[in-house]
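As a plain string of letters, each chain reads:
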Amino acid sequence: MATFTGQLINFLAALLLLIAFAMLSQRRILSLIHLFAWQGFILALSTTVVAYSTHQPHLYYSAFLTLVLKAFLLPWILHRLIIRLNIKWDVETMINVPTTMLVGIALVIFAFNLAAPISQLADTITRSTLGIAMASVLLSFLMMITRHKAVAQVVGFLAMENGLFFAATSATYGMPMVVELGIALDVLVGTFIFGIFFFQIRETFDSLDIKNLEKLKED
Amino acid sequence: MISSIFSQLFQTLLIVVLAPLLLGWVNQCRAWLQNKRGAGVLQPYRVLHKLFHKDAVLADNASSLFRTAPYIQFACMVLVASIVPMVATDLPFAAAADVIALVGLFALARLFAALAAMDIGTAFGSMGARREMLVASLAEPALLMILFTPALIAHSTSLTTIVEALAHREFVLYPSLAFAAVAFAMVALAENARIPVDNPATHLELTMIHEAMILEYSARHLALIEWASAIKLSNYSAIGIALFLPWGIASAGDWNAVPLALAVLFVKLLLGGAGLALLETLSAKLRIFRAPEFLGTAFLLAVLGMLMLEL
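Remember, predicted model here, so these are calculated numbers, not experimental data.

### Quick notes on the overall build of chain A
Okay, step 1: Broken down by element type, chain A carries seven helices and zero strands.
Okay, step 2: Ordered by position in the sequence, the α and β elements of chain A form the string α-α-α-α-α-α-α.
Okay, step 3: When the backbone C-alpha atoms are referred to their principal axes, chain A occupies close to 65 × 35 × 30 Å.
Okay, step 4: For chain A, with 219 residues in total, the buried portion stands at 51%.
Okay, step 5: In the structure as shown, chain A presents an accessible area of about 10,900 Å², 69% of it carried by carbon and sulfur atoms.
Okay, step 6: Side chains of chain A carry 13 positive and 12 negative charges; the gap between the two charge centres is 7 Å.

As structure tokens, this is what we get:
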């Protein structure tokens, strides 16, 4: 039975990696937010499976927190934001999508190689998913780099936080509850602040393109 | 020895003879889904019969390449059909070629199709050949990556060994195989000129790929090409079944399991054909410049599946 839950965790981890790639290739902002919600849902699911298979009661709480915050609340806030900002355009990427994908594959190989020695030292049931967790952190990072628009970058940032959470779960069965609550609050407050920033940026530049922030003075 | 040769001949003939039936079934399902009555599952046989009884017309400047290409394509597909285990893994012929040679056989058939299309020198032929090569050059690496995943699990590149290893194991949830299966479905759609990449029913000059290559063919040559592409569809279905749904395929020398294996195979093919028709009805054809992205995704999934084996 333990092996079956192990396989299930691996399968969910694979789905997380797939979603990270789907986010990287996604051109529409609304689908990006939907994918982010799915990522949160699968994260909560895999945390529940880890909690069940390792009998760690505190992981149930963090799974519940993840489900409420990352699968429902944050996507809902982002959704409201893009309706209020009246964003209709598609997300523009700096490099074209197939090239980004190839870079992404290289990152995955790098992350797997990096995680391999660490996984061999660990004796947790989730040790093999550490590589995937690191890969999804790196892929979210890549997404933040390749996008022009502020909303997509914020989704990338939140996805990176998801990756870090998954890494914590797979390496040490999650962080202490206090830390997790703190991070959850940070993310929530951060999203609100980002929302305010969106409005400010757009008011100043009539666009959410981050490129505008690079100019130091008006010409 | 005699029995394995019999098994070999039986399976090859099964694919070659029943391939048009699968094509007819897919077309019939598509007709039903579009609220049409359809021409019946035997229509491909009638078309083949009609074409074989016509007189061939050849262009004046057609070289011998143009005339021999259909026979080479047909022979390649029959050869592939004799390597893929469908009913039993008892295939003495399969030792001659592993999965990599299999991809090579598909490539050989495609090469001759493209060369023959350019041989006449019409605009459509060369355009179709170029488009076919564009799709193929992206589909082929993806197909190789897909085949490596089951090969790594079974520690062998021989199809019969892979099927033996995958069919007779306890249930293990392999994320890699799921990724590879999705990627395989995408590559199979592209390679068989099915809808998201090419439309098999169209003769619209802007969109056709495969049809543009065979416009100049008639009579027995066209019949052989049509038959070969029907066998190709069956071959891809057989490879998909062998790699990702191998349960029910009889192992070597187990003659009692053969009737059950045959029944299971027919059910799988019926469901697979209906699934293909459903997919084709639901999706729209991609622009030709979107095809690289479609196949790039397949390649990505295949590579991810292979990397996931390391976990």
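Now that the structure has been shown, the text picks up again.
### Regarding the packing of helix H1 (residues 2–33) of chain B against helix H9 (residues 219–244) of chain B
Residues and elements named next belong to chain B.
Okay, step 1: Across the interface, H1 lies against H9 with an axial gap of 8 Å and an inter-helix angle of 90°. Looking at the two axes, H1 sits roughly perpendicular to H9. Contacts from Ile15, Val16, Ala19, Pro20, Leu22 and Leu23 in H1 reach Trp227, Ala230, Ile231, Leu233, Ser234, Asn235 and Ser237 in H9.
Okay, step 2: The residue makeup of the contact of H1 with H9, split by class, is ten nonpolar, three polar and no charged.

### A few points about the interface of chain A and chain B
Okay, step 1: Listed per partner, the contact involves 19 residues of chain A and 16 residues of chain B.
Okay, step 2: Ranking the residues of chain A by area buried against chain B places Gln7(A), Phe11(A) and Ile105(A) at the top, with a combined share of 28%.
Okay, step 3: Our enumeration of links across chain A and chain B arrives at zero salt bridges.
Okay, step 4: Here chain A is connected to chain B by zero residue pairs in polar contact (both at pLDDT 80 or more).
Okay, step 5: Taken together, the elements giving at least two residues each to the side of chain A that touches chain B come down to helix H1 (2–25) and helix H4 (97–121) of chain A.
Okay, step 6: It is H1(A) that contributes the most residues to the side of chain A that touches chain B, nine residues altogether.
Okay, step 7: Broken down by class, the residue content of the side of chain A that touches chain B amounts to 15 nonpolar, three polar and one charged.

### Regarding the nonpolar core
Okay, step 1: Leu17(A), Phe21(A), Met23(A) and Val108(A) are the most contacted members of the largest nonpolar core, which totals 139 residues.
Okay, step 2: Those residues in contact with Val108(A) that lie beyond four places of it in its chain are Leu17(A), Phe21(A), Ala135(A), Leu139(A), Leu304(B) and Leu307(B).
Okay, step 3: Ala69(B), Ala113(B), Ala117(B) and Ile225(B) belong to the second largest nonpolar core, which has 18 residues in total.

### Quick look at a nonpolar patch on the surface
Residue and element names in this part refer to chain B.
Okay, step 1: A cluster of nonpolar side chains, namely Leu108, Leu111, Leu115, Met118 and Met133, defines an oily patch on the protein surface of about 380 Å² accessible area.
Okay, step 2: Here the nonpolar patch gets four residues from one element, more than from any other, and that element is helix H4 (residues 99–119).
Okay, step 3: Tracing the backbone through its elements, the reader meets Leu115 in helix H4.
Okay, step 4: The exposure class assigned to Leu115 is partly exposed, which follows from its relative accessible area of 33%.

### Section: the environment of Leu65(B)
Residues and elements named next belong to chain B.
Okay, step 1: Relative to the helices and strands, Leu65 is located in helix H3 (residues 64–81).
Okay, step 2: For Leu65, a relative accessible area of 24% corresponds to the partly exposed category.
Okay, step 3: Between the alpha carbons of Leu65 and Ala116 there is a distance of 6.2 Å; along the sequence they are 51 residues apart.
Okay, step 4: The contact partners of Leu65, leaving out residues within four places of it in the chain, are Phe112, Leu115, Ala116 and Asp119.

### Some remarks on the UniProt feature "transmembrane region" (unreviewed entry) in chain B
Residue and element names in this part refer to chain B.
Okay, step 1: Mapped onto this numbering, the UniProt entry annotates "transmembrane region" (unreviewed entry) at residues 6–26, 71–88, 100–121, 133–153, 173–190, 233–252, 258–279 and 291–309.
Okay, step 2: For the annotated span residues 173–190, helix accounts for 89% and strand for 0% of the residues, and the straight-line distance between the end C-alpha atoms is 27 Å.
Okay, step 3: A distance of 31 Å separates the end C-alpha atoms of residues 258–279, which is 100% helix and 0% strand.

### Digging into the packing of aromatic side chains
Okay, step 1: The final tally for this structure, using the stated rule, is ten aromatic pairs over all chains.
Okay, step 2: A centroid spacing of 6.1 Å and a plane angle of 80° characterise the contact between Trp25(B) and Trp32(B), whose relative ring orientation is edge-to-face.
Okay, step 3: Measuring from centroid to centroid gives 4.2 Å for Phe66(B) and Tyr217(B), while their planes differ by 0°, and the two rings are stacked. With Phe66(B) in helix H3 and Tyr217(B) in the loop between helix H8 (210–213) and H9, this pair connects stretches of sequence that are 151 residues apart. Considered together, Phe66(B) and Tyr217(B) belong to a single accessibility category, that of buried residues.
Okay, step 4: Here the aromatic cluster, defined as three or more aromatic residues joined through ring pairs, consists of Phe106(B), Phe184(B), Tyr236(B) and Phe244(B).
Okay, step 5: Above the plane of the ring of Phe165(A) lies Lys70(A), whose end atom (NZ or CZ) is 4.5 Å from the centre.

What counts as what
- Residues numbered from 1 in each chain as written.
- Chains lettered and ligands numbered in written order.
- Predicted model: local features only at pLDDT ≥ 70, side-chain atom pairs only at ≥ 80, totals over all residues.
- Heavy atoms only, no water.
- Helix = DSSP H or I, 4+ residues; strand = E, 2+ residues; numbered from the N terminus.
- Buried < 20%, exposed > 50% of the residue type's maximum accessible area, 1.4 Å probe, protein only.
- Areas by Shrake-Rupley, 256 points an atom, 1.4 Å probe, with all protein chains shown as cover.
- Lys, Arg positive; Asp, Glu negative; His and termini not counted.
- Charge placed at Lys NZ, Arg CZ, Asp CG, Glu CD.
- Axes fitted to C-alpha atoms, helices over the stretch in contact; angles between N-to-C directions.
- Parallel < 35°, antiparallel > 145°, perpendicular 65-115°, else oblique.
- Contact = heavy atoms within 4.5 Å.
- Nonpolar A, V, L, I, M, F, W, Y, C, P; charged D, E, K, R; others polar.
- Buried area = accessible area lost by both parts, 1.4 Å probe.
- Salt bridge = Lys/Arg side-chain N within 4 Å of Asp/Glu carboxyl O.
- Polar contact = N/O pair within 3.5 Å; in protein donor to acceptor, adjacent residues only side chain to side chain.
- Core = buried A, V, L, I, M, F, W, Y, C linked by side-chain atoms within 4.5 Å.
- Patch = residues over 30% accessible without salt bridge, like charges linked within 9 Å, V, L, I, M, F, W, Y side chains within 5 Å.
- UniProt positions renumbered as here; feature names shortened; annotations may be inferred.
- Phe/Tyr/Trp six-rings, centres within 6.5 Å; stacked < 30°, edge-to-face > 60°.
- Lys NZ or Arg CZ within 6 Å of the ring centre and 35° of its normal.

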